[in-house]
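Chain by chain, the residues:
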Amino acid sequence: MSELRERIEEACAVISSQWSTPPTVGLVLGTGLGGLAEQIETAAAIDYADIPHFPVSTAPSHAGRLVCGTLAGVPLVAMEGRFHFYEGYSLAEVTFPVRVMRLLGAETLLLTNAAGGMNPEFQLADVVAISDQMNLIGDNPLRGPNDDSLGPRFPDMCDPYDPTLIQLASECAQELGWNLKTGVFAAVAGPNLETRAEYRMLRRLGADLVGMSTVPECLVARHMAMRVLGFSIVTDMGLPEELHPVDIDMVLEQAARGGQTLAELIPRIVARLA
Ligand code: HPA
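A short tour of the structure in this document, coming up. Everything quoted here is computed from the prediction, not taken from an experiment. (Residues numbered from 1 in each chain as written. Predicted model: local features only at pLDDT ≥ 70, side-chain atom pairs only at ≥ 80, totals over all residues. Heavy atoms only, no water.)

**Some points on the overall build of the protein**
Counting secondary structure elements, the protein contains seven helices and nine strands. Over its C-alpha trace the protein gives a radius of gyration of 18 Å, about what one expects of a compact globule, namely 19 Å for 274 residues. Each of the 274 residues in the protein was classed as buried or not, and the buried ones make up 51%. A separation threshold of at least 6 residues defines the contact pool for the protein, and within that pool the share at least 24 residues apart is 83%. Put simply, the protein shows about 12200 Å² of open surface, and 50% of that area lies on carbon and sulfur atoms. The centroid of the 18 positive side-chain charges in the protein is displaced by 4 Å from the centroid of its 34 negative side-chain charges. (Helix = DSSP H or I, 4+ residues; strand = E, 2+ residues; numbered from the N terminus. Rg over C-alpha atoms; globule rule 2.2 N^0.38 Å. Buried < 20%, exposed > 50% of the residue type's maximum accessible area, 1.4 Å probe, protein only. Contact = heavy atoms within 4.5 Å. Areas by Shrake-Rupley, 256 points an atom, 1.4 Å probe, with all protein chains shown as cover. Lys, Arg positive; Asp, Glu negative; His and termini not counted. Charge placed at Lys NZ, Arg CZ, Asp CG, Glu CD.)

**Points about the site of the ligand**
With respect to spatial proximity, the complete set of residues near the ligand consists of Ala114, Ala115, Gly116, Leu193, Glu194, Tyr199, Val210, Gly211, Met212, Thr235 and Asp236. The separation between a nitrogen atom of the ligand and a polar main-chain atom of alanine 114 is 3.4 Å. Between the ligand and glutamate 194, the relevant distance is 2.5 Å, taken from a nitrogen atom to a side-chain nitrogen or oxygen of the residue. Taken by itself the ligand offers 260 Å² of open surface, and the protein chains cover 93% of this. Sorting elements by how many residues they give to the shell around the ligand places strand S5 (residues 108–117) first, with three residues. (Near = heavy atom within 4 Å. Polar contact = N/O pair within 3.5 Å; in protein donor to acceptor, adjacent residues only side chain to side chain.)

**Thoughts on helix H1 (residues 3–18)**
A rise of 1.5 Å per residue sets the reference length of H1, with its 16 residues, at 22 Å; its end C-alpha atoms lie 24 Å apart and thus fit the reference within 8%. Of the residues making up H1, those classed as buried are Arg5, Ile8, Ala11, Cys12 and Ile15. The arc that holds every buried residue of H1, seen down its axis, measures 130 degrees, which confines them to one face. Seen from the open side of H1, the exposed residues pointing more than 90 degrees away from its buried face are Glu3 and Ser17. (Expected span 1.5 Å × (residues − 1). Arc of directions from axis to C-beta.)

**Notes on the nonpolar core**
In terms of nonpolar packing, the biggest core is built from 80 residues, with Val100, Leu109, Phe231, Ile266 and Ile269 touching the most fellow members. Here the element with the most residues in this core is helix H3 (residues 91–104); it accounts for seven residues. In this structure, Val184, Ala186, Tyr199 and Met212 belong to the second largest nonpolar core, which totals eleven residues. (Core = buried A, V, L, I, M, F, W, Y, C linked by side-chain atoms within 4.5 Å.)

**Details of the pairing of strand S7 (residues 181–187)**
Of all seven residues making up S7, five are buried, and the element is well covered by its neighbours. The sheet contact formed by S7 and strand S8 (residues 209–211) spans three bridges and is parallel. Pairing of alanine 187 across the sheet is with glycine 211, part of S8. Crossover handedness for the path S7 to helix H5 (residues 196–205) to S8: right-handed. (Pairing = 2+ DSSP bridges. Right-handed = clockwise from strand over helix to strand, strands pointing away.)

**Quick notes on the side chain of aspartate 236**
Among the secondary structure elements, aspartate 236 is positioned in strand S9 (residues 227–237). Only 2.9 Å separates the side chain of aspartate 236 from the side chain of threonine 235, close enough to count as a polar contact. Sequence-distant contacts of aspartate 236, that is, excluding residues within four places in its chain, are made with Ala115, Gly116, Gly117, Leu124, Tyr199, Val246 and Val251.

**Here's the deal with unusual backbone geometry**
Here the residue pair glycine 190 and proline 191 is connected by a cis peptide bond, since its omega of 5 degrees sits within 30 degrees of zero. Along the chain, the position of proline 191 falls in the loop between S7 and H5. Phi at histidine 53 is positive, roughly 70 degrees, even though this residue is not glycine. Among the structural elements, histidine 53 can be located in the loop between strand S2 (41–47) and strand S3 (65–71). Take histidine 53: its relative accessible area is 36%, and that puts it in the partly exposed class. Notably, alanine 125 is not glycine yet its phi reads approximately 75 degrees, a positive angle.

**Describing a nonpolar patch on the surface**
Together, Leu136, Met201 and Leu205 make up an exposed nonpolar region whose accessible area comes to about 270 Å². Locating leucine 136 in the fold gives a position in the loop between strand S6 (127–135) and helix H4 (163–175). (Patch = residues over 30% accessible without salt bridge, like charges linked within 9 Å, V, L, I, M, F, W, Y side chains within 5 Å. Salt bridge = Lys/Arg side-chain N within 4 Å of Asp/Glu carboxyl O.)

**A few points about the side chain of threonine 108**
As for its position among the elements, threonine 108 is in strand S5. Sequence-distant contacts of threonine 108, defined by excluding residues within four places in its chain, comprise Thr24, Val25, Gly26, Leu165, Met226, Arg227 and Leu273.

Shown next as structure tokens:
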């Protein structure tokens, strides 16, 4: 057994000792999704520090925990707080919890994030379903020895985000009375936001959204044959001709607004994944 697989199984063993139900869904909660976390009927909430091999959080206020329980009656495991490349973690560390979710049993992964919007059709606090992605981080979580028991050496990326799930999300949004937009998400290393020249470049490359997470997690989930659905909340507009300094409080405010929309949408989707 590979060292990686041993570490995943050790983490799973500790989680299973507190919550024996196999989850159907894994959920990664980005900025602004506190309201959604509250809707989970929690059976166990485990501090990352208590799970073997989970990255050690450097900022105590952002320690993070794994919330295990049900949402809309569906067993689910949720990350309250994720790890980012810009914090100094390797991408293998950033994505380790996704591997744990998969071996616990989750076949579907829901990813959420805050992102800059570069498509002029988008508005602040829009919830956008990710249709495709670009890895511009300059690193890859799958680099290094491959454990064939976890997934293939050269995973296919034809449909990183499951078209059937995007369709389902779109139907659920319609039921709630709004149209779900879709867009291509580009991941950068961060932590700085983009220059005008960088937003212009990313737009020309074909990206609608830019952020500092999600793509590594999606790559690892696809490596392990999970179905992935991803959402961005547009927290600031990256329009080079109209760019103004971004204030972090503004970003958090928009994330919270979009988070309310997602807190209505996601339970509806999850209910139909059972
Ligand atoms: N760029 C990169 N990451 C981000 C942004 C952005 O404009 N907004 C929120 N996360």
